[in-house]
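If you want the building blocks of each chain, they are given just below.
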Amino acid sequence: MDWTPEELQAIVDEHALVLFMKGTPDQAQCGFSNRAAQVMQALGEPFAAVNILTDPRAIPSVCAWSDFPTIPQVFVHGELIGGSDIALERLNDGSLREMFDAGRTA
């Protein structure tokens, strides 16, 4: 993968839920990525997890493309909702589920 804007856009277009994270859901390499993966798993829907530690170009490329300065990044139906804190907040208040379900019927 070359981490081009087109490739990154294709990933979020292809999957309803995408998590750009450090490591994998089973072996997260930072606490924030671990929390974000737990949020995605708690939602109970399939999601694509992209390990940005596989390539040194990944973090600057993803952050520049999304215009969001940190990893992890959670996307729902192609829309960036933010990192692990925002994802957890939205899971707890029900808005993450609402956003997912609304996009499924769109």
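Okay, so let's go over this structure. Every chain begins its residue count from 1, and numbering advances along the sequence as written. Reporting of local features is limited, given that this is a predicted model, to residues whose pLDDT is at least 70; pairs of side-chain atoms are given and counted only at 80 or more, and all residues count toward the totals for whole chains, interfaces and linings. Hydrogens and water molecules were not included; the side-chain quantities draw on all heavy atoms of the structure.

Counting from the N terminus, the helices are DSSP H or I runs at least four residues long and the strands are E runs at least two residues long. Structurally, Pro 69 is set in the loop between helix 3 (58–66) and strand 3 (73–76). Accessibility here uses a 1.4 Å probe with only protein chains present; expressed as a share of the type maximum, an area under 20% marks a residue as buried, one over 50% as exposed, and anything in between as partly exposed. Look at Pro 69 and you get exposed, because its relative accessible area is 68%. As a C-alpha pair, Pro 69 and Gly 83 span 14 residues in sequence and 9.7 Å in three-dimensional space.

The salt bridge criterion pairs a side-chain nitrogen of Lys or Arg with a carboxyl oxygen of Asp or Glu, the two atoms within 4 Å. Considering all chains together, one arrives at five salt bridges under this definition. Ionic pairing is found between Asp 85 and Arg 35, a salt bridge with its closest N-O pair at 2.2 Å. Of this pair, Asp 85 sits in helix 4 (residues 84–93) while Arg 35 sits in helix 2 (residues 31–43), and the two are 50 residues apart along the sequence. Among the residues examined, Asp 85 registers a relative accessible area of 46% and is labelled partly exposed. For Arg 35, a relative accessible area of 29% translates into the label partly exposed. A salt bridge links Arg 97 to Glu 45, with the nearest nitrogen and oxygen atoms 2.9 Å apart. Here Arg 97, found in helix 5 (residues 95–105), pairs with Glu 45, found in the loop between helix 2 and strand 2 (48–51); they are 52 residues apart in sequence, far enough to count as distant. Relative accessible area serves as the criterion here: at 18%, Glu 45 is assigned to the buried category. Where salt bridges share partners, they join Asp 2, Asp 55 and Arg 57 into one cluster.

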